[in-house]
Amino acid sequence: MEILITPARVASLAFRAPDFVPPESIPPETILAAQQKFIRPVLGPELYAQLCAGAYPTLLEDYIAAPLALYVKMLLMPSLAVQVGAGGVVEATGKNLARASSERMQSALGRLRGDAEALIRRAVEHIEDSGLYPDYDPRENILHHISIAGGVLLDKK
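Reading the values: rules and limits
Residues numbered from 1 in each chain as written. Predicted model: local features only at pLDDT ≥ 70, side-chain atom pairs only at ≥ 80, totals over all residues. Heavy atoms only, no water. Helix = DSSP H or I, 4+ residues; strand = E, 2+ residues; numbered from the N terminus. Buried < 20%, exposed > 50% of the residue type's maximum accessible area, 1.4 Å probe, protein only. Contact = heavy atoms within 4.5 Å. Areas by Shrake-Rupley, 256 points an atom, 1.4 Å probe, with all protein chains shown as cover. Expected span 1.5 Å × (residues − 1). Core = buried A, V, L, I, M, F, W, Y, C linked by side-chain atoms within 4.5 Å. Salt bridge = Lys/Arg side-chain N within 4 Å of Asp/Glu carboxyl O. Arc of directions from axis to C-beta. Axes fitted to C-alpha atoms, helices over the stretch in contact; angles between N-to-C directions. Parallel < 35°, antiparallel > 145°, perpendicular 65-115°, else oblique. Left-handed = near helix turned anticlockwise from the far one by under 90°. Nonpolar A, V, L, I, M, F, W, Y, C, P; charged D, E, K, R; others polar.

(A) Expanded view of the overall build of the protein chain. Check the secondary structure of the protein chain and you find four helices and four strands. Ordered by position in the sequence, the α and β elements of the protein chain form the string α-α-α-β-β-α-β-β. For the protein chain, with 157 residues in total, the buried portion stands at 32%. In the protein chain, once contacts between residues fewer than 6 apart in sequence are set aside, the share between residues at least 24 apart is 65%. A total of about 9,600 Å² of accessible surface is found on the protein chain, and carbon and sulfur atoms cover 55% of it.

In structure tokens form, the structure reads like this:
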């Protein structure tokens, strides 16, 4: 399976100064995981496969890249402050930095998720209103079957 955006693109879209993260710190596997968890269930298997095959580059660049980058950042954030090595799992520390509290981390993750969800809904609105994507089937879009309230999935049926 192809990744839809590169680690460099994720870095440029999701990480801004002063929280810049170098592209080599963004594993392609995390991008693929974000695609599978958050993008494929919304686009459906056919449109998703077409995007992975290189079809609809404007859709990808204008509507899918930004929410995907935010989803990747959301998946990466908990592990950015830790390293795994022979000594086990350790935290990076610095003189002018302090570890974020669990509450702040959850708040930041919630904000990222909310922004990404707003952008993916914008993409869906474009896809459904434009009629330009015959590979899209709205019945496959998970957002038409569930809603999320306070982090809880609710079935719309």
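(B) Spatial organisation of helix 4 (residues 102-130). When the terminal C-alpha atoms of helix 4 are compared, their 42 Å separation across 29 residues agrees well with the 42 Å that a helix rising 1.5 Å per residue should span. The complete set of buried residues in helix 4 reads Leu109, Leu112, Ala116, Glu117, Ile120, Ala123, Val124, His126 and Ile127. Backbone geometry just downstream of helix 4 places Gly131 in the positive-phi region, at approximately 70°.

(C) View of the nonpolar core. Of all hydrophobic cores here, the largest spans 41 residues; its most connected members are Leu4, Val10, Ile26, Ile39 and Ile64. Sorting the residues of this core by element identifies helix 1 (7-14), helix 2 (28-52), helix 3 (57-80) and helix 4 as the ones contributing at least two each. Per-element accounting of this core gives the leading share, 13 residues, to helix 3. Apart from residues no more than four positions distant in its own chain, Ile64 is found in contact with Leu4, Ile39, Leu43, Leu51, Leu59, Ile120 and Ala123.

(D) Representation of the pattern of salt bridges within the structure. The final tally for this structure, using the stated rule, is four salt bridges. Where Glu61 meets Arg9, a salt bridge forms, and the shortest distance between an N and an O atom there is 2.3 Å. Linking Glu61 in helix 3 with Arg9 in helix 1, this pair joins segments that are 52 residues apart in sequence. For Arg9, a relative accessible area of 28% gives the class partly exposed. A salt bridge links Arg113 to Glu117; the shortest N-O distance between them is 3.8 Å. Linking Arg113 with Glu117, this pair stays in helix 4, spanning four residues, or about one helical turn. A residue is classified by how much of its surface remains accessible, and Glu117, at 18% relative accessible area, is buried.

(E) Quick peek at the side chain of Lys73. Relative to the assigned elements, Lys73 resides in helix 3. In this structure Lys73 touches Ala14, Phe15, Asp19 and Leu112, once residues within four positions along its chain are discounted.

(F) Layout of helix 1. Among all positions of helix 1, only Pro7, Val10, Ala11 and Ala14 are buried. Buried residues of helix 1, seen end-on, are gathered within an arc of 100° and therefore sit on one face of the element. As for helix 1, its buried residues are in contact with helix 2 and helix 3.

(G) Local environment of unusual backbone geometry. One non-glycine residue, Tyr56, lies in the positive phi region at around 55°. Among the secondary structure elements, Tyr56 is positioned in the loop between helix 2 and helix 3.

(H) The arrangement of the packing of helix 3 against helix 4 in detail. Their axes nearest at 9 Å, the elements helix 3 and helix 4 cross at an angle of 160°. One finds that helix 3 runs roughly antiparallel with respect to helix 4. When the axes of helix 3 and helix 4 are compared, the crossing they make is left-handed. Partitioning the contact of helix 3 with helix 4 into residue classes produces 19 nonpolar, one polar and six charged.

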